[in-house]
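One-letter residues, chain by chain:
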Amino acid sequence: MSVKLGLLGAGRIAQTHLKTLAARIPDAEIEIIADPFGNVAAETSQEFGIPRHTKDHREVLENESIDAVIICTTTNTHAPLMEEAARAGKHIFCEKPIDLDVARIDQALAAVKDAGVRLQVGFNRRFDPNHRRVRQAIESGEIGDPHILHIISRDPYPAPMSYTRNSGGIFVDMTVHDFDLARYLIGSEIEEIYATGTINIVPELADLGDLDTTLLIMRFQSGVLGMIDNSRKAVFGYDQRVEVFGSGGSAKTDNRYDNAVTISDGASIRRDPPHEFFMERYTESFAREMESFVRALTEGTPIEVDGFDGRMPVVMGAAAFLSHERGRPVRMEEIENAFYNPLA
């Protein structure tokens, strides 16, 4: 079975998915691409051999030959486009987050449920082979019972203020990926979050009530303790490390590098910096998540990151903001309808 796809948005992440579809997924075909900047849609269409392009996303949704859409537009358009796609009977892959507002997410997920279409949310870090190996070590009991999770997630440089102003803040812009990874690795929901932070890098963030350096302590329902530390600027590159410590050992991942060379001389032992940013570090995970989505449509396999998975990191972000504001741990029950699943 082959699946015919429509692509909404033609930016950097859209082109990443196009490369995967062209090189690795013969069972999927991009039939049409829509982007409000018509010249971008035209250029992308020509580069990847896509038959049609348009400025109007409705041409994609009204096309009866399209089975599913891939939403790679700006965050503020995700929920409305999901609802339109669901009403059009299209299956959906949507980049994260669905929205910055939990109530708005719930509306979009209700539309998905009512339409009976399938939805996958683009939390790609679950698909990283290293993270999957850590999860395997936990599931199999290889490291005993997990006790402590530590996620280090630091960007190489701050995002431009033009982006940050509309990002929703560090906990739903940056930490949201780490929240999803924490739930995935431990296989348990968070029951309590304590978040603290400061501004060490970008003074202008004070005007937005945002942060650039944060530390979060989490207690899982299973009893595991977790810690996430974030920074918007690691001068040595994209810093992505994970460790799970358990009763029988530990499983950890280190940074990824362009090469494995170590230089030793009379003055020092050194190596080149890690990958510059997420597009280089998580290339394989982006490919694997799209393979998983297409496989779910063509073979009927389970969706690996569903709408509830897409919802929970935003709820956790709301709890983190509340914790930082009030200077105390926040239990998830303090967030209205924290564990409500509109898809159930």
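About the thresholds
Residues numbered from 1 in each chain as written. Predicted model: local features only at pLDDT ≥ 70, side-chain atom pairs only at ≥ 80, totals over all residues. Heavy atoms only, no water. Patch = residues over 30% accessible without salt bridge, like charges linked within 9 Å, V, L, I, M, F, W, Y side chains within 5 Å. Areas by Shrake-Rupley, 256 points an atom, 1.4 Å probe, with all protein chains shown as cover. Salt bridge = Lys/Arg side-chain N within 4 Å of Asp/Glu carboxyl O. Lys, Arg positive; Asp, Glu negative; His and termini not counted. Charge placed at Lys NZ, Arg CZ, Asp CG, Glu CD. Helix = DSSP H or I, 4+ residues; strand = E, 2+ residues; numbered from the N terminus. Pairing = 2+ DSSP bridges. Contact = heavy atoms within 4.5 Å. Axes fitted to C-alpha atoms, helices over the stretch in contact; angles between N-to-C directions. Buried < 20%, exposed > 50% of the residue type's maximum accessible area, 1.4 Å probe, protein only.

In this section: a negative patch on the surface. On the surface, Asp-258, Asp-272, Glu-276 and Glu-280 cluster together into a negatively charged patch. Following the sequence through the fold, Glu-280 ends up in helix α10 (residues 278-281).

On to the pairing of strand β11 (residues 239-246), then. Bridge count between strand β7 (residues 146-154) and β11: eight bridges; the pairing is antiparallel. When the bridges of β11 are listed, Ser-153 appears paired with Gln-240. In this structure, β11 lies alongside strand β12 (residues 249-253), joined through five bridges in antiparallel fashion. For Val-242, the partnering residue across the bridge sits in β12 and is Thr-253.

If you trace the seven strands from one edge of the open sheet to the other, you get β12-β11-β7-β10-β9-β8-β15, paired in mixed fashion. The open sheet has two edge strands with one neighbour each: β12 and β15 (330-331). Sitting on the sheet, helix α6 (residues 129-139) touches β7, β11 and β12, and the angle it makes with β12 is about 170°. Packed onto the sheet, helix α12 (residues 307-326) meets β8 (190-198), β9 (213-220) and β15 and runs at close to 55° relative to β8.

So, about the pattern of salt bridges. Oppositely charged side chains are able to pair whenever their charged atoms sit close together. Using the criterion set out here, one finds 26 salt bridges in the structure. In this structure, the salt-bridge partner of Arg-154 is Asp-239, at a minimum N-O distance of 2.8 Å. You can see Arg-154 sitting in strand β7 and its partner Asp-239 sitting in strand β11, a full 85 residues away along the chain. In this structure, Glu-189 engages Arg-183 in a salt bridge whose closest nitrogen and oxygen atoms are separated by 2.8 Å. What makes Glu-189 buried here is its relative accessible area of 16%. Because the salt bridges share partners, they merge into one network encompassing Arg-126, Asp-180, Arg-183, Glu-189 and Asp-309.

A cluster of nonpolar side chains, contributed by Ile-148, Leu-225 and Phe-245, occupies part of the molecular surface with about 250 Å² of accessible area. If you trace the backbone, Leu-225 turns up in strand β10 (residues 225-231). Taking relative accessible area as the criterion, Leu-225 reaches 37% and is therefore assigned partly exposed.

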